[in-house]
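Spelled out from the first residue to the last, the chains are:
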Amino acid sequence: MTTDEGKLKEIKKAAEIIVDSSYLACLTGAGISVESGIRPFRGPGGLWTEKGEPSMDGYQRFLDDPEAYWERRIRRESEFASTILNSKPNPGHFALAELEKIGILKSLITQNIDNLHYESGSENVLEIHGNMLYLRCIECGEKWNMKEFNIEDIPPRCPECNGIIKSDTVMFGEPIPREVLRRCFEEAEKSDCMIVAGTSATVAPASSLPFIVKRNDGYLVEANIRPSEISDLCDVNIEAPSGKSLPLLVKEIKALL
Ligand code: ZN
């Protein structure tokens, strides 16, 4: 059997499991956006693999001096940020959006901050680490599209509660907004099948979500370019770039409907 035939066999097996399931969720990470030109943080070719991990106390440093954070931010947009702003969804993102439209995918949980799931048409998206295109009040949690918020003072303050405003992106050491986290766990508990795409799911809290599905006797479908820490836990492993495997998976699912 050739590698391609092997992959197709895995994809067909995954499609059958998914069609038999009653509540499908999907967990995505940096790997799904690599084909959109966004470098992952970890692993081969990762931004942090090359440049070293950022300081683990980013949020504390922000709280200590929000003015300095905003001055840095306004002075220069990072290379990473401008790459994201110019990136477009790839066939992997579009496949998941289609899976939601045909009523199969109920919930999409992402660790990405790049907005590409929304841009590709997905609606039921939970962004664990926030969204780079938004600003958020650290007190009341209100959010604004970055483009629509007029920054006059540094640091900007919330018109509702006067709390300090920062990027919606969750920093190191910053608590994940409680409501998002609650909904992620709720969705994992409901799911009897989860696609894990473009992530090795090693970073908490996302890492515990596949385990919840497994603990409840659900199925896990992995779509990663290479084996990961989660591979042994998964019922099916589709070892390919998600921009290739997910469109094929959706095609097979539709053929079974
Ligand atoms: Zn506020």
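Before any of the text, the structure's been laid out above.
All chains use their own residue numbering, which begins from 1 and follows the written sequence. Only residues with pLDDT of 70 or above have their local features reported here, since the model is predicted, and side-chain atom pairs are shown and tallied only from 80 upward, although totals for entire chains, interfaces and linings are computed over all residues. Only hydrogens and water are set aside when side-chain values are computed; all heavy atoms of the structure are taken into account.

J.: So what's going on with unusual backbone geometry? Residues and values would help.
T.: Here the amide bond leading from Ile154 into Pro155 is cis, since omega sits at -10°, within 30 degrees of zero. Only DSSP runs of H or I covering at least 4 residues are called helices, and only runs of E covering at least 2 are called strands; the numbering of each starts at the N terminus. Looking at the element boundaries, Pro155 is found in the loop between β5 (143-145) and β6 (165-167). Despite not being glycine, Asn115 has its phi angle at roughly 70°, a positive value. Inspection of the secondary structure puts Asn115 in the loop between β2 (105-110) and α7 (116-119). Unusually for a residue other than glycine, Asp217 sits at a positive phi of about 65°. Note that Asp217 resides in the loop between α9 (208-215) and β8 (219-224). Here the term buried applies to any residue with accessible area under 20% of the maximum for its type, exposed to any over 50%, and partly exposed to those in between, with areas from a 1.4 Å probe on protein chains only. Given a relative accessible area of 69%, Asp217 falls into the exposed group.

J.: Kindly report on the layout of surface pockets, identifying the contributing residues and their values.
T.: Think of a 1 Å grid over the protein atoms and nothing else: a 1.4 Å probe that fits but is trapped marks a cavity, an open set flanked by protein within 12 Å on at least five of seven lines marks a pocket, and residues with an atom within 4 Å of a point count as lining. Grid points are joined across faces, edges and corners, and a volume is the space filled by probe spheres set on the points. For the second largest pocket, the calculated volume is near 450 Å³. Together, 24 residues line the second largest pocket, and Arg136, Lys143, Pro177, Arg178 and Val180 are the ones closest to its centre. Listing elements by their share of the lining of the second largest pocket, those giving two or more residues are β3 (125-127), β4 (134-137) and α8 (178-190). For the lining of the second largest pocket, the leading source of residues is α8, giving four residues.

J.: Mind laying out the sheet that holds β6, listing which residues take part and the relevant values?
T.: Only when DSSP finds a minimum of two bridges between them are two strands counted as paired. Judged by pairing direction, the sheet is antiparallel, and its three strands sit side by side in the order β5-β4-β6 without closing on themselves. At either end of the open sheet lies a strand with only one pairing partner, and these are β5 and β6. The mean inter-strand angle of the sheet, taken between neighbouring strand axes irrespective of direction, is 30°. Bridging between β4 and β5 involves three bridges; their strand directions are antiparallel. Paired with Tyr134 across the strands is Asn145, a residue of β5. By definition in these notes, contact holds between two residues if any of their heavy atoms fall within 4.5 Å. Axes here mean lines fitted to C-alpha atoms, for a helix over just the part in contact, with angles spanning 0 to 180 degrees between N-to-C directions. Where helix α4 (residues 66-75) meets the sheet, it contacts β4 and β6, and its direction lies at approximately 45° from that of β6.

J.: How would you summarise helix α6 (residues 91-101) if you had to cite specific residues and measurements?
T.: Taken together, the buried positions of α6 are Gly92, His93, Ala95, Leu96, Ala97, Leu99 and Glu100. Looking at the buried residues of α6, the elements they touch are β1 (24-28), β2, α7, β7 (193-197) and α10 (242-256). Looking at the residues trailing α6, positive phi occurs at Gly103, about 85°.

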